[in-house]
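# Structural overview
The primary structure of each chain is shown beneath.
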Protein chains: 2
Amino acid sequence: MTILANSATDMSTKSIRALYDELITRRKDISHFKSIASTLGWDQQVMMPKKAEDSRANQIGLLNGTIHDMETSPVLGAILEELERRKLTEDLSVELNPYELANIRLTRRYFKQGTLVPTELVKASSAATARSCNAWKEARECSDFSKFAPFLEEQIRHLRETITYQMKGGICEEAVRINMKARTNLGLSKDDECFKGYYQALLDNFESGFKDSRLEAIFSDLKQNLIPLIAKIKAKNFQHENEFIKGDFDVEKQAEFSNKFPKQMGFDMDAGRLDVSTHPFCNNAHPTDIRLTTRYALDNFQEGITSTIHETGHALYEQGRSKEYVDTPVSLPLSVGIHESQSLIWERMVELSKPFWTYSLPLLKEQFADHKNLQDVTVDQMYLAFNRVEPTFIRLEADEVTYPMHIILRYEIEKALVEGDIQVADVPALWNAKMKEYLGLDVTEDRLGCLQDIHWSIGITGYFPTYTLGSIYAIQIYTQAQEQIPNLDEHIAKGEFHVLKEWLNKNVHEQGSLKESGDDLVFDLTGKYLDSSLYVKYLTEKYTTIYDL
Amino acid sequence: MTILANSATDMSTKSIRALYDELITRRKDISHFKSIASTLGWDQQVMMPKKAEDSRANQIGLLNGTIHDMETSPVLGAILEELERRKLTEDLSVELNPYELANIRLTRRYFKQGTLVPTELVKASSAATARSCNAWKEARECSDFSKFAPFLEEQIRHLRETITYQMKGGICEEAVRINMKARTNLGLSKDDECFKGYYQALLDNFESGFKDSRLEAIFSDLKQNLIPLIAKIKAKNFQHENEFIKGDFDVEKQAEFSNKFPKQMGFDMDAGRLDVSTHPFCNNAHPTDIRLTTRYALDNFQEGITSTIHETGHALYEQGRSKEYVDTPVSLPLSVGIHESQSLIWERMVELSKPFWTYSLPLLKEQFADHKNLQDVTVDQMYLAFNRVEPTFIRLEADEVTYPMHIILRYEIEKALVEGDIQVADVPALWNAKMKEYLGLDVTEDRLGCLQDIHWSIGITGYFPTYTLGSIYAIQIYTQAQEQIPNLDEHIAKGEFHVLKEWLNKNVHEQGSLKESGDDLVFDLTGKYLDSSLYVKYLTEKYTTIYDL
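- As recorded in an unreviewed UniProt entry, chain A goes by Carboxypeptidase Taq and comes from Linnemannia exigua.

Okay, structure coming up:
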């Protein structure tokens, strides 16, 4: 047992290989505990009896505490320190390959993340989060942002304190750079309060290594191009028919239809499961144990198949992780944005395409032979029905054209909040003004506006951009796949989805966290850093045709 | 986090209450980890995809190692030692109630069990067990005991070494006493090899505090009475009809029928689950999270309902554990035998009774209205069909009269093996001779004889007697229930099973491990220690009537 062996022996006599091996032994135990936590998380959503809530909370609390202790154990610290020292006199890459070097880099990051913030602050903000989440639920219930406002203020205060510790401790280098520059520009001393760069630090939690300045440029480009595109579509005042998607669809038959796709996409049913839950998700216990869930609407089949395909995209990433480096950090998914790209490639690039419906429409008609109005639908009609653009108040219901505007709006507000450019009380008015500007909608209730998402209430700030980064990664990676896989569209039209899955396995999944950022991954894969112009071009061309603009 | 905090502070300045609280904090964390292991065990049997086997083995290995480290941590040792020291000058029962004192007693026992045996021996015997289990499977496949024999020898050697360490370390007091007495009688020195009393030590692992000498007396009584009873029944050469139990029973309809019983017996579906698995079992994660499984035969309904009712008996024990002392050792079930009694009370005392079928037969007929030959069956006929006695080679298929003989046979052989009275090579011949003597059967294949059970191959020796202790506990406890619950039979005939469940909750389940042995529990409850004459009387009277002897 390693977890209780915390007395550091003399590290200086050990070889680099021996130090690395000791580090990996510890990381593997951490990985096993994290797998357990993931399986229990799945169980909680899908299987657990409701009275077990308290007992499960105790188990998860103990597991997370144990994982934290192991990630920040003094012996791990001594190993990392010794490896840093060796770097001064030796070239580690003589002994260790790039995957192994990445394992050291990531272990150091987790160690610092775990040790820099005082335990009292972690506890205080976790207690505040529980209160805040409840307050948000109540505020949303009565659609009154003012009831949530003081809790949001506390969350932001805790976030800022946390980041301050992290920046002082030597992580978030880019955030520190931005902050220093701002202080110089504003003539502030190091004791003056200044939160510039803090958003960069938050972004690092979810999209490590991605620069906020790049995000700003990308979002500015999207605004410039998508706002007019959305306005043009709206001005057409025309919609494609989608009545045949709706109706009374038997859940068992929907499941039978949807469940074909995970298998055909290459999801290994012997290394995972497919179940139903209120909120669809995909766990990440272990590449040999990936469990996705879906849900079905009773009045349409679109939600069921779309959830299934989306979560299968996530699941393929998890199942496709490196076998050679299993249970070590480098085998983990690179970032939240890259993870989202893997689900969106399948949900948007594939499921929303004509080749997909060339294959799937006959299956659908066969499965729902009793739905008379489905039988005469053509592939083109299905394509148009699945690709309707309709501005909506609710992010989760948005189509691929309007979705980025929901994200940009949240990004602008959360960044201004964290960096101190606006006050919490300003949020509703600002939200509603942006909704009008970006999507032409008048928000009449906070419930449909700034109270719709849980994220801020539980301290998840800096996450929203990854949804749109995911969309752009998806386009860029898929475009590359189309160039490299001969006749990809024809394969998809024949249901031969595995060719795409295998390409993604090799080019994305197996890479794990070898690269330092999603930007680096797409650069190495496509020769270009993340490129919003490709995304703008895709949306503009596709929807100019669809809506005959 | 407590699990890494292992530096003992000065214990001598702490109050007894403070020492106890510190002990309990540690025990609760151990309990949370054990709950996790139990849930993962259930998951493995019921939900886990097959390729996850290796990953799950890593998780379980790490969890068990962590639990072992926590149960034997030096701080816990220091607390226990300090409490021992205080006993010399203070009366602990002034500060602590009997439940709390039991928690200290049990914590000491686990600590000693975990620390007395060297880690190398634990590892060696766990590796040997894996090899031995495989060898047993292969030997059973080709029905050749000689292929398993060397592995069984190794298992016995490891068991003896383990017990030697435990006896030297001051647990197994009764075993030490037996051993000393035998040495004196045989004129052996303390350096001579002598394994007398070793079976007592094994028994303690499953039926703590129960004396092997009592077991011998009980089994001798059973042999004397049951062998002639079985012979008489056999001599009648007559069987009651049971054709209506067989046939093509739809699994969904069987499930619908069987699933009524757990609820009606008082199983809380919000604090547990009911699923299907190859081998029915009941987990013990937490009183709020008890998951039982069952299985259905396609060609009869008896197996499904019997498995469900049996496992529900176990589940009610687990759900009924003390809420006040939840997550501490005293809330745990008392022994394997008492656990078995809780399933057998429901399976044999209730399900095999006429009142049960008075209530259930109409439900059965309604559920299987398409089974014409069921419709005219009377309660008496169903009672006779469910209570057929038929000697069989296989323990798992045995009825309540012949079952004890299967156990006694195994007890006699495993005890003689461990204590050195016979050699491994003697097992098949001895098995077959006893089978002939006890049940009148000629064993023609090891597969149907000494190779049928997995227990010895995985080092589980000393466990078999608990099956029969469970049957006797069941009779004795149920007889007491009948005396104390007015009109129990009438309640059961109306499906009012909850009256029995509530009585068991109070008199058995909530008691947990407060008593030191099952014998103590039944004494306090019924005024008599475990009493085989009651069991003999029950079987003799019941089957004399059934077979008109």
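This is not the end of the story, as more comes after the structure.
### Overview of a negative patch on the surface
- A cluster of acidic side chains, namely Asp248, Asp250, Glu252, Glu256 and Asp299 of chain A together with Asp248, Asp250, Glu252, Glu256 and Asp299 of chain B, defines a negative patch on the protein surface.
- The residue Asp250 of chain B is located in the loop between α10 (212–236) and α11 (251–258) in this model.

### Some remarks on the interface of chain B and chain A
- The interface is formed by 40 residues belonging to chain B together with 40 residues belonging to chain A.
- Of the roughly 3400 Å² buried at the junction of chain B and chain A (both faces included), carbon and sulfur atoms supply 65%.
- Two residues, Lys51 of chain A and Asp268 of chain B, come together in a salt bridge whose shortest N-O distance is 2.5 Å.
- The interface formed by chain B and chain A includes ten residue pairs in polar contact (both at pLDDT 80 or more).
- Elements represented by at least two residues in the side of chain B that touches chain A include exactly α1 (16–46), α2 (53–71) and β1 (272–276) of chain B.
- If one sorts the elements of the side of chain B that touches chain A by residue count, α1 of chain B sits on top with ten residues.

### Section: helix α8 (residues 173–186) of chain B
Residues and elements named next belong to chain B.
- Between the first and last C-alpha of α8 there are 20 Å, a value that for 14 residues agrees with the 20 Å anticipated at 1.5 Å per step.
- Here α8 has its buried residues at Glu174, Ala175, Asn179, Ala182 and Arg183.
- Buried positions along α8 lie against α7 (145–168) and α9 (198–204).
- Within two residues after α8, Gly187 carries a phi angle of roughly 65°, on the positive side.

### So, the relation of the copies chain B and chain A
- Placing chain B over chain A gives an RMSD of 0.1 Å and needs a rotation angle of 179°, together with 0.0 Å of translation along the axis. Such a combination of turn and shift is consistent with a two-fold rotation axis.

### Re the nonpolar core
Residues and elements named next belong to chain A.
- With 121 residues, the main nonpolar core has Phe301, Trp346, Met382 and Leu500 as its most contacted residues.
- A per-element tally of this core places helix α17 (residues 403–418) first, with ten residues.
- Two domains each put at least three residues into this core: domain 1 (11–206) and domain 2 (247–390 + 468–514).
- With near-sequence residues (within four places) excluded, Leu500 lies in contact with Ile345, Trp346, Val350, Tyr478, Ala481, Ile485 and Leu488.

### Comments concerning the confidence of the model for chain A
Residue and element names in this part refer to chain A.
- Mean pLDDT over chain A stands at 95; residues scoring 70 or higher make up 98%.
- Confidence over residues 1–6 falls short of pLDDT 50; this stretch has 25 contacts with residues more than four positions distant or in other chains.
- For this predicted complex, the interface confidence comes out at an ipTM of 0.92, alongside a pTM of 0.93.

Rules used throughout
- Residues numbered from 1 in each chain as written.
- Chains lettered and ligands numbered in written order.
- Predicted model: local features only at pLDDT ≥ 70, side-chain atom pairs only at ≥ 80, totals over all residues.
- Heavy atoms only, no water.
- Patch = residues over 30% accessible without salt bridge, like charges linked within 9 Å, V, L, I, M, F, W, Y side chains within 5 Å.
- Areas by Shrake-Rupley, 256 points an atom, 1.4 Å probe, with all protein chains shown as cover.
- Salt bridge = Lys/Arg side-chain N within 4 Å of Asp/Glu carboxyl O.
- Lys, Arg positive; Asp, Glu negative; His and termini not counted.
- Charge placed at Lys NZ, Arg CZ, Asp CG, Glu CD.
- Helix = DSSP H or I, 4+ residues; strand = E, 2+ residues; numbered from the N terminus.
- Contact = heavy atoms within 4.5 Å.
- Buried area = accessible area lost by both parts, 1.4 Å probe.
- Polar contact = N/O pair within 3.5 Å; in protein donor to acceptor, adjacent residues only side chain to side chain.
- Expected span 1.5 Å × (residues − 1).
- Buried < 20%, exposed > 50% of the residue type's maximum accessible area, 1.4 Å probe, protein only.
- Least-squares fit on C-alpha atoms with pLDDT ≥ 70 in both.
- Core = buried A, V, L, I, M, F, W, Y, C linked by side-chain atoms within 4.5 Å.
- Domains from an automatic or database assignment.
- pLDDT = per-residue confidence, 0-100.

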